[in-house]
Amino acid sequence: MIKVKIVNHSPYPCPAYATPLSAGVDLKANLEQPVVLQPLGRALIPTGLFIALPAGYEAQVRPRSGLALKHGITVLNSPGTVDADYRGELKCLLINLSDEPFTIEPGERIAQMVVARHEQVEWEPVEELDDTQRGAGGFGSTGK
């Protein structure tokens, strides 16, 4: 387990794992009043949270499956990436893909965040790549 510094300017507790094996923590809307998200409307919703991830880690902001299934609410740039050197407020870019308005209430769980280790690469320019069984097959090439 890694330690991550967090500043919480919201009235809600710091994000916590719901179960011992949870991969993500829920992010809550830090709003003074409800926000109505119209069909196909999008909004940047603040959380009141600021974090300092260690080098080699990122945070991924992802949709909550219940909001997506029941209401068509998802994270537009999913997964949103929070880099280790970002110190601004965590905000969630939500979109309403349903045909009905949806009201985001203060304190509502709006997204989930997963902290993950990552690597940076050093590009090695070459003239061609090794052959594989798959080759250049993409989108749907391995299915029936």
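Structure: see above.
The shown structure was predicted, so the numbers you read here are calculated from the model rather than taken from an experiment.

### Here's the deal with the layout of surface pockets
At step 1: By volume, the largest pocket amounts to about 460 Å³.
At step 2: Lining the largest pocket are 16 residues, and of these Ile2, Val4, Tyr17, Val25 and Val115 lie nearest its centre.

### Looking at the sheet that holds strand 7 (residues 73-75)
At step 1: Across the sheet, which stays open at both edges, the three strands sit in the order 4-9-7 with antiparallel pairing between neighbours. With partners counted over all chains shown, the strands left at the sheet margins are strand 4 (42-46) and strand 7, one partner each. If you compare each strand with its neighbour and ignore which way they point, the axes differ by 35 degrees on average.
At step 2: Pairing between strand 4 and strand 9 (residues 91-96): five bridges, direction antiparallel.

### What to know about unusual backbone geometry
At step 1: Residue Pro79 is bonded to the preceding Ser78 through a cis peptide linkage, with omega at -10 degrees.
At step 2: Even without being glycine, Leu40 reaches a positive phi, approximately 65 degrees.
At step 3: For Leu40, a relative accessible area of 59% gives the class exposed.

### Concerning the pairing of strand 9
At step 1: As judged from the three bridges shared by strand 7 and strand 9, these two strands associate in the antiparallel manner. Directly across from Ile73, in strand 9, lies its bridge partner Asn96.

### Concerning the side chain of Thr47
At step 1: Within the element layout of this structure, Thr47 appears in the loop between strand 4 and strand 5 (49-52).
At step 2: Reaching out from Thr47, the side chain makes a polar contact with the backbone oxygen of Leu90 at a distance of 2.6 Å.

The rules behind each value
- Residues numbered from 1 in each chain as written.
- Predicted model: local features only at pLDDT ≥ 70, side-chain atom pairs only at ≥ 80, totals over all residues.
- Heavy atoms only, no water.
- 1 Å grid on protein atoms, 1.4 Å probe; cavity = no way out; pocket = protein on both sides within 12 Å on 5 of 7 lines; lining within 4 Å.
- Points joined across faces, edges and corners; volume = space filled by probe spheres on them.
- Pairing = 2+ DSSP bridges.
- Helix = DSSP H or I, 4+ residues; strand = E, 2+ residues; numbered from the N terminus.
- Axes fitted to C-alpha atoms, helices over the stretch in contact; angles between N-to-C directions.
- Buried < 20%, exposed > 50% of the residue type's maximum accessible area, 1.4 Å probe, protein only.
- Polar contact = N/O pair within 3.5 Å; in protein donor to acceptor, adjacent residues only side chain to side chain.

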